[in-house]
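The lines below spell out each chain.
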Amino acid sequence: ASSAPAAPSAAPAAAADLSACKPGDMPTHTPGVLTIATDDPAYAPWFVGNDPANGQGFESAVAYAVAQQMGYPADKVKWVKVPFNAAVSPAPKAFDFDINQFSISAERQKVVDFSTPYYAATQVVVGLQGGALKDVKAVADLTGAKLGAQVGTTSLIALRNGIKPSSPPAVFDTNDLAVAALKAGQVDGIVVDLPTAFYMTGSDQLGGKGLIVGQIPSGAAASGDSADDPFGLLLEKGSAMTPCVSQAVDALRAAGTLDKLAGRWLTQQGAPIL
Amino acid sequence: MTALQPPPLAPLLALRGLRKSHASQVVLRDITLDVPEHDCLVLVGASGSGKSTLLRCINLLDEVDDGEIVFAGRDIADPRINPDSVRGQIGMVFQAYNLFPHMTVLENIVLAPVRVFGRERAEAEAAARQMLDRVGLLDKAGRKPDQLSGGQQQRVAIARALVNQPRLMLFDEVTSALDPELVLEVLSLLRDLKNDGMTMLVATHEMGFARRVADRVCLLSRGAIAECAPPEAFFDAPQSEAAKHFLGAIRGAGRV
Amino acid sequence: MTALQPPPLAPLLALRGLRKSHASQVVLRDITLDVPEHDCLVLVGASGSGKSTLLRCINLLDEVDDGEIVFAGRDIADPRINPDSVRGQIGMVFQAYNLFPHMTVLENIVLAPVRVFGRERAEAEAAARQMLDRVGLLDKAGRKPDQLSGGQQQRVAIARALVNQPRLMLFDEVTSALDPELVLEVLSLLRDLKNDGMTMLVATHEMGFARRVADRVCLLSRGAIAECAPPEAFFDAPQSEAAKHFLGAIRGAGRV
Amino acid sequence: MTSDAPQDSWQPSKRAQERTAWRRARARRSALVAGVSTLAVIAILVALVLATPGWPLVRDSFFDWRYGLQVLPDIARGLMVNVAIMLGCGAVIVVLGLLIAWCRTLPGAVFFPLRALAAAYTDLFRGLPLILLLLLLGFGVPGLRLAWLPSSGLFWGCVALVLTYSAYVAEVFRAGIESVHPSQRAAARSLGLSHSLTMRCVVVPQAARRVMPPLLNDLVSLQKDSGLISVLGVTYDAVLQARIASAESFNLTPYVVAGLLFVLLTIPMTRLTDWLARRQGWTAAGGAL
Amino acid sequence: MTSDAPQDSWQPSKRAQERTAWRRARARRSALVAGVSTLAVIAILVALVLATPGWPLVRDSFFDWRYGLQVLPDIARGLMVNVAIMLGCGAVIVVLGLLIAWCRTLPGAVFFPLRALAAAYTDLFRGLPLILLLLLLGFGVPGLRLAWLPSSGLFWGCVALVLTYSAYVAEVFRAGIESVHPSQRAAARSLGLSHSLTMRCVVVPQAARRVMPPLLNDLVSLQKDSGLISVLGVTYDAVLQARIASAESFNLTPYVVAGLLFVLLTIPMTRLTDWLARRQGWTAAGGAL
Ligand SMILES: Nc1ncnc2c1ncn2[C@@H]1O[C@H](COP(=O)(O)OP(=O)(O)OP(=O)(O)O)[C@@H](O)[C@H]1O
Ligand SMILES: Nc1ncnc2c1ncn2[C@@H]1O[C@H](COP(=O)(O)OP(=O)(O)OP(=O)(O)O)[C@@H](O)[C@H]1O
Ligand SMILES: [Mg+2]
Ligand SMILES: [Mg+2]
């Protein structure tokens, strides 16, 4: 499993003019304040208690770190709740950037801007202890299983391309519903990113009966241009702040802050590779 | 005419102390009446005197408040009676015709024979066509009721009721929309029916009709029977005040 | 009666070569007819001969295929005419009454005065009550039509049409559901109307009515006017074959 | 001319009393049979469910009343949003729907274009999924960045609801209008009422009562769908509140709470419209035949 | 006894021809006015939209036809799912809805319990949000782990649809049944038809035609809601396909494609039912008055 990716190459805007990045004084949505968005509900372990402003959870911590880097201390940060569709729509955005496990892809960059990646997740299969997947040792053992994943995530792509299941995967609106289906025995397993998987099995979300079956080997998840699942901060298409945000992310990565935060908030090791 | 028939033993229909009210208004009060088999009883009375209501009660379309309706020896006002078995033996022609607008004339007529009496469709249609021919509407068999004139609708309603060959027929203003010539036809139709043994209860404003067809004429006045008599006696020597008043008014209108 | 009135100059209503067909069936053919002002013209004819259709055409409820309907000097069959302005001056009583079931009797009657003629509601209600009193239904003002007997509904329909004080009244079977006494009342009502200067076109099967009220009687036969004559001439010396046949049938029915 | 039978001092005969008693007894017996059998069926079902191996898990997932009570205030607040949107849009929808139905029933060849336009409107907006209209109007229109256009997501969400539901309601009204017998129209026109007065005073009132139940269908479903506006990120309706609450706790009880609140809200609405519809005009249910 | 006027060799008079010509001309003119003004309005709107600063972004988001074409096969396949569910459930729903409406209109005190049960059914299932029923049945029931109960999510999803929509359809039918004048029922009963024959042969046929438009409303909306089963992760309906495609690309064109397909599907359904309804019985739209 990898955490912060080594190269910032995924964000083409990174090479743009950086002279406009005056700390604490950028053309933000609300002057003088950095407005950061995430969805409602915001899920653990990325956020804690559905409250992004508490600084707890990986993405909340990253957001504050990026803000700090850009010259906006915590009291100059304002959080807004923006649903997925609104974040990706062509309507004017009510935020400066949105942090919500958005995977970077070329297709998506036609409508929005991304910062350089702040995290890269691997995808794992979660089942139930004593369930149909308890004896799975290799990806080949999974092809006949009934698996599901959340719509719009790299998990779904990894499921499709990495496992190539014999029956179409079950697609869920949210991971909550995927978990409900797993609990009800409607699916044998679900594919989620590794931190989420640890959270699911560690909390009582699966009633303590969750089981991390294993990682889908990276590369098997290949969806066109990205090998793993790099998350980027999402900005309005053509936003003047994209280079500055990327610059801040790059700086945090270089300083090891991202790794440190990941280590603090996310459990990332311990899943066998299938 | 009545003299030709032997005096009937038990009435086919006997009403005993019938009472019916709508909300606060008492529409029928203490109606007692016998209709012997094969007889034609004509109900006359002012508008709103309760003629239609009485016919509806006999056909169990309205629930009476009190009293008995003895039909063929059974008290059909009793709630323990299955009204459908009774209604199948009683035909009714409504004042407003009440044809089924979504069916053609022919379908209107064959509905009951096929559905209720389980007759073959072909046979029922043949009988229906024969009935239609009798009321002069054979060429309208495929029409919808909305495409017929008032008199044509009334005749279809008559055909529909008669095709079931009921034991008792209730006619409500059966000739109101008919021209004189048709009245004659319907009149002779009713006479034929009577000769075939049909028992009839006819509510009408046509005094000529009452005079010619009735075995007995009953005057309904304010929801009660004021007088019942053979037509000659009723029209020529009325006994009750109500009948005298009624006939006086009619004479003034030149209707008798 | 006709002799008392001066001969009218221009007819209030003149039909010229009227033709009307329903789908493939020709219902009215080449109807030409004058109704002088203050006259009462009675239409008689067999059931289905086209009486109701003719009245509907005059009231522009049906579109004619051909011909002119000259009302008060204007050809109202012309599509350029606004039919509402015409209908406001013509009252009609339908064979099936067509009362509005969601309104009380009183509301039925005041609807047009208030909405079309812009009269004060209080004033309109007073007029409506007066009309209701004339037809003997003042106590039923607050009832719904479904709670009335057939004859009561017919009288409400008459009141509803008359309260607009139209220049021409079209009555379709206006006494069919009425008892003889009421017929007399309605008859005198129509006579009063005539004396007040109303022009009337009445389709009826009541020959007694035709004889007593009509200035002229017209026989409609198979969609065409067979004969038009003053009542005495029409009933006692019919000219056309159709009229002779019609009257013969009526005599047989004992209706004249 | 005539007058009704006078009131009298009638006392039901013994026969009538016996009949009434028999009818009552039968009604009571049928109520008893139905009540007992319904209760029995429910009891058996409940017992069956409680005995299943999965019940404890399902109970914790769906029927955690303690948690339900805890989220109730949030969800009730969300329900207020549903109700507010339903009331606001509902009024516009009924008026617009009536207008469109009206256009569709205009007579004569002259009004063919208006009829065709109204039909096209109905076809289009009834056919389009609400979610598409919400996205298109809620994001597409503000995305055009026109200063003089309102850019409020709530506004455009309401517009989407109005467009969709007015198409449904128009069809409901059309059915009602066409169910009024043409002779009623003829009678009104013969009194001199114009087409539009005829519609307003005679046809629509009769139609309105007949269409009450399907109209209420649409209002109930509008109330639920009003929550869809929250895809635009502008409102917190009851279902979104339930989703948020259930995401926090991995517990689906909030959905059950929201569902029950919706039911509690629709029942009085149903009774009210039924009562309104029944107050006037004939009524069939429970009648004599 | 009587007979109609015989056919004749009538030729329209010059006056009649002139009137017909005038009527035609007026109809033509109104069609022209309406057509031109509609086109003008559309053209102006389109021009306005095209000129906005945000248009290129909106175009790329919603009207990327190249991308739309690319996702079309997936979405069309999804639509087949919608249609299949709609047809399968639709049949059950109509039958069940009719049955419930029937129960609600049973006469007499004896049937009060049945009426009350039917009313309770309608209240409950019309009021519950579909999403709750889907979750409860789709996850709750299989969660009970009863071997003898079907555990297919698709099955329970369809049950949820049937429960919800049969409540709606029951109300539609009830409105139709109650709109048939009681005198029709009286006439049928007087012929000896039982209550149920009266319903089947006289009342329901008349009601059915009157309720066609609202019934179609419910079928159209069922067709769209059938996609909601996909919250259970069991089907790929058109909207889910659109969501998957658009979530991958952040492009909303797939929704537009799905929306257009839905509209294309509902239009023939609408025309068909209109035609069915109009074939029999009176009709008002475009009539003479
Ligand atoms: N549903 C009802 N509710 C209240 N009153 C009613 C109802 N139906 C009828 N009535 C009243 O009952 C009385 C009798 O009505 P019915 O129809 O029996 O009269 P009728 O003798 O047939 O009169 P007609 O000769 O005019 O048809 C009338 O005064 C009428 O107003
Ligand atoms: N909508 C229609 N479609 C087809 N034919 C119709 C329609 N309306 C009426 N007719 C036919 O036109 C003829 C004339 O009907 P109309 O109602 O004018 O007769 P009428 O003289 O009033 O008869 P009645 O005395 O029975 O009321 C009838 O044969 C009838 O069947
Ligand atoms: Mg009567
Ligand atoms: Mg007629």
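Per chain, the residues get numbers from 1 upward, laid out in the order the sequence is written. Labels are handed out in written order, letters beginning with A for the chains and numbers beginning with 1 for the ligands. Local features in this predicted model are restricted to residues of pLDDT 70 or higher, and side-chain atom pairs are both shown and tallied only at a pLDDT of 80 or more, whereas totals for entire chains, interfaces and linings draw on every residue. The basis for every side-chain value is the complete set of heavy atoms in the structure, and neither hydrogens nor water enter the calculation.

Going by the annotation in an unreviewed UniProt entry, the name recorded for chain D is ABC transporter permease subunit, with Amphibiibacter pelophylacis given as the source organism.

Draft legend 1. The overall build of chain A, seen in detail. Counting from the N terminus, the helices are DSSP H or I runs at least four residues long and the strands are E runs at least two residues long. Scanning chain A from N- to C-terminus turns up seven helices and ten strands. The buried label goes to any residue with under 20% of its type's maximum accessible area, the exposed label to any with over 50%, and the partly exposed label to all in between, with areas taken from a 1.4 Å probe on protein chains only. Counting across all 274 residues of chain A, residues that qualify as buried make up 59%. The criterion used for residue contact is that any of the two residues' heavy atoms lie within 4.5 Å. Considering only intrachain contacts with a sequence separation of at least 6, the fraction spanning at least 24 residues in chain A is 74%. Put simply, chain A shows about 9,700 Å² of open surface, and 54% of that area lies on carbon and sulfur atoms. To be clear on the numbers: accessible area is Shrake-Rupley with a 1.4 Å probe, and residue cover counts the displayed protein chains and nothing else.

Draft legend 2. Spatial organisation of the overall build of chain D. On a plain count of helices and strands, chain D comes out with ten helices and zero strands. Restricting the calculation to C-alpha atoms gives the radius of gyration, and the globule rule supplies 2.2 Å times the number of residues raised to the power 0.38. Rg of the C-alpha trace for chain D: 26 Å, well past the compact-globule value of 19 Å for 289 residues, more than 25% over. Dimensions along the principal axes, computed over C-alpha positions, put chain D at roughly 75 × 65 × 25 Å. Considering chain D as a whole, with its 289 residues, one finds that 56% of them fall into the buried category. Summing over all exposed atoms, chain D offers an accessible surface of approximately 11,900 Å²; the carbon and sulfur share of this is 71%. Asp and Glu count as negative and Lys and Arg as positive, but His and the ends of the chain are not part of the count. Note on charges: their place is set at NZ of Lys, CZ of Arg, CG of Asp or CD of Glu. Each charge class in chain D was averaged separately, 26 positive and 14 negative side chains, and the resulting centres sit 9 Å apart.

Draft legend 3. Spotlight on the state of the cysteines. Here, two cysteine sulfur atoms that lie within 2.5 Å of each other are counted as a disulfide. Taken as a whole and assessed by the stated rule, the structure comprises two disulfides over all chains. Across a sulfur-sulfur distance of 1.8 Å, C218 of chain B and C228 of chain B are joined as a disulfide pair. Taking the torsion about the sulfur-sulfur bond, which here is approximately 100 degrees, the covalent link between C218 of chain B and C228 of chain B counts as right-handed. Here C218 of chain B is found in strand β9 (residues 216–221), whereas its partner C228 of chain B is found in strand β10 (residues 224–229), with ten residues between them in sequence. Residue class for C218 of chain B comes out buried when judged on its relative accessible area of 0%. The cysteine C40 of chain C is free of any disulfide, with C218 of chain C supplying the nearest cysteine sulfur at 11 Å. Residue class for C40 of chain C comes out buried when judged on its relative accessible area of 1%. Not part of a disulfide, C57 of chain C finds its nearest cysteine sulfur in C218 of chain C, a span of 16 Å.

Draft legend 4. Representation of unusual backbone geometry in the model. In this model, D40 of chain A is joined to P41 of chain A through a cis peptide bond whose omega is 0 degrees. With respect to the helices and strands, P41 of chain A occurs in the loop between β1 (34–38) and α1 (58–69). The residue after A44 of chain A, namely P45 of chain A, is reached through a cis peptide bond having omega 5 degrees. Tracing the backbone through its elements, the reader meets P45 of chain A in the loop between β1 and α1. The residue R222 of chain C is not glycine, and still its phi comes out positive at about 50 degrees. Relative to the assigned elements, R222 of chain C resides in the loop between β9 (216–221) and β10 (224–229). With relative accessibility at 42%, the residue R222 of chain C sits in the partly exposed group. Even without being glycine, R145 of chain D reaches a positive phi, approximately 55 degrees.

Draft legend 5. Just the interface of chain C and chain B, in detail. Counting residues at the interface gives 35 residues for chain C, matched by 36 residues for chain B. At the boundary of chain C with chain B, total buried surface from both sides reaches about 2,600 Å², with 49% on carbon and sulfur atoms. Between Lys or Arg on one side and Asp or Glu on the other, a salt bridge is scored when a side-chain nitrogen of the former is within 4 Å of a carboxyl oxygen of the latter. For the pair chain C and chain B, the number of links is zero salt bridges. For the purposes of these results, a polar contact is taken to be a pair of N or O atoms within 3.5 Å, where, inside protein, one atom must be able to donate a hydrogen and its partner to accept one; residues adjacent in sequence count only when each atom of the pair is a side-chain atom. Viewed at the interface, chain B and chain C are joined by nine residue pairs in polar contact (both at pLDDT 80 or more). Mapped onto the side of chain C that touches chain B, the elements with two or more residues apiece are α5 (150–162), α6 (180–195), α7 (207–213) and α9 (241–253) of chain C. By residue number, the principal contributor to the side of chain C that touches chain B is α9 of chain C, which donates six residues. Classification used: nonpolar for Ala, Val, Leu, Ile, Met, Phe, Trp, Tyr, Cys and Pro, charged for Asp, Glu, Lys and Arg, polar for all others including Gly. Partitioning the side of chain C that touches chain B into residue classes produces twelve nonpolar, 15 polar and eight charged. Simply put, the buried area is the total loss of 1.4 Å probe accessible area from both parts when two parts are fitted together.

Draft legend 6. Up close: the coordination of the magnesium ion (ligand 4). Distances define the donors: N, O and S atoms within 2.8 Å of the metal qualify, as do those within 3.2 Å of Na, K or Ca. Water is excluded, so some sites may look unfinished. Donor atoms from the polypeptide that bind the magnesium ion (ligand 4) are S52 of chain C (OG) and Q95 of chain C (OE1), placed at 1.9 to 2.2 Å. Of this pair, S52 of chain C sits in helix α1 (residues 51–58) while Q95 of chain C sits in the loop between β6 (90–93) and α3 (105–115), placing them 43 residues apart in sequence.

Draft legend 7. Focus on the relation of the copies chain C and chain B. We superpose the copies by least squares over the C-alpha atoms of residues that have a pLDDT of at least 70 in both of them. Here chain C sits on chain B after a turn of 180 degrees about the axis and a move of 0.0 Å along it, with an RMSD of 0.0 Å. Considering both components of the superposition, the chain copies are consistent with a two-fold axis. Measuring from the rotation axis to each C-alpha of chain C, the shortest distance belongs to S176 of chain C, at 2.5 Å. Most of the interface of chain C is mirrored in chain B, where 100% of its interface residues again form contacts.

Draft legend 8. Looking closely at the site of ligand 2. For ligand 2, the set of nearby residues contains 22 residues, the closest of which are S149 and G151 of chain B together with K51, S52 and T53 of chain C. In these notes, residues near a molecule or strand are those with any non-hydrogen atom within 4 Å of it. Each of chains B, C and E places residues near ligand 2. Between ligand 2 and S149 of chain B, the relevant distance is 2.7 Å, taken from an oxygen atom to a side-chain nitrogen or oxygen of the residue. In the complex, 91% of the free accessible area of ligand 2, which totals 640 Å², lies under the protein chains. Elements with a minimum of two residues in the shell around ligand 2: α5 (150–162) of chain B together with β2 (25–36) and α1 of chain C. Here the shell around ligand 2 is composed, by residue class, of three nonpolar, 15 polar and four charged.

Draft legend 9. Molecular detail of the coordination of the magnesium ion (ligand 3). Protein coordination at the magnesium ion (ligand 3): the donors are S52 of chain B (OG) and Q95 of chain B (OE1), at 1.9 to 2.2 Å from the metal. Assessed through its relative accessible area of 18%, Q95 of chain B is described here as buried.

Draft legend 10. How the structure looks around the site of ligand 1. The environment of ligand 1 is made up of 24 residues, and the closest members are K51, S52 and T53 of chain B together with S149 and G151 of chain C. Surrounding ligand 1 is a set of residues that belongs to chains B, C and D. The separation between an oxygen atom of ligand 1 and a polar side-chain atom of S149 of chain C is 2.7 Å. Those elements that provide at least two residues to the shell around ligand 1 are β2 (25–36) and α1 (51–58) of chain B together with α5 of chain C. Residue composition of the shell around ligand 1, by class: three nonpolar, 15 polar and six charged.

Draft legend 11. Layout of the sheet that holds strand β7 (residues 170–172) of chain A. Residues and elements named next belong to chain A. The five strands lie next to each other as β7-β6-β8-β5-β9, forming an open sheet whose pairing is mixed. If you trace the sheet from one side to the other, it starts and ends with β7 and β9 (210–215), each paired once. The average angle at which neighbouring strand axes cross in this sheet is 30 degrees, direction not considered. Bridge analysis of strand β6 (residues 147–150) against β7 gives three bridges, and the strand direction is parallel. Its bridge partner being in β7, A149 is matched across the sheet by V171. The rule for pairing is simple: two strands pair if DSSP sees at least two bridges between them. Angular values range over 0 to 180 degrees, each being the angle between N-to-C directions of two axes fitted as lines to C-alpha atoms, with helices fitted over their stretch in contact.

Draft legend 12. Spatial organisation of the pattern of salt bridges. All names here are of chain B. The final tally for this structure, using the stated rule, is 63 salt bridges over all chains. As a salt-bridge pair, D78 and R80 come within 3.0 Å of each other at their nearest N and O atoms. Two residues, D215 and K194, come together in a salt bridge whose shortest N-O distance is 2.7 Å. Pair noted here: D215 is in the loop between α7 (207–213) and β9 and K194 is in helix α6 (residues 180–195), with a separation of 21 residues, a long-range link. D215 sits in the buried class, given a relative accessible area of 4%.

Draft legend 13. View of the interface of chain E and chain D. Listed as interface residues are 88 residues of chain E and, on the opposing side, 88 residues of chain D. Remark: the boundary between chain E and chain D carries six salt bridges. The salt bridge involving R271 of chain E is made with D123 of chain D; its shortest N-O contact spans 2.7 Å. Between the two partners, chain E and chain D, sit 20 residue pairs in polar contact (both at pLDDT 80 or more). For the side of chain E that touches chain D, the secondary-structure elements that each account for two or more residues are α1 (14–50), α2 (55–62), α4 (112–127), α5 (130–143), α6 (153–178), α7 (182–190), α8 (195–225) and α10 (253–279) of chain E. At twelve residues, the largest contribution of residues to the side of chain E that touches chain D is made by α10 of chain E.

Draft legend 14. Expanded view of the relation of the copies chain E and chain D. In screw terms, the move from chain E to chain D is a rotation of 180 degrees and a rise of 0.0 Å along the axis, fitting with an RMSD of 0.2 Å. In this assembly the copies share their binding face: 100% of the residues contributing to the interface of chain E also contribute to that of chain D.

Draft legend 15. Here's a closer look at α1 of chain A. Residue and element names in this part refer to chain A. Under the convention used throughout, the expected extent of a helix is 1.5 Å for every residue step, that is, one less than its residue count. Counted at 1.5 Å a residue, the expected span for α1 with its twelve residues is 16 Å, and the 16 Å between its end C-alpha atoms agrees. With respect to burial, α1 is a largely interior element, ten of its twelve residues being buried. Just beyond α1, the residue with positive phi is G71, at close to 95 degrees.

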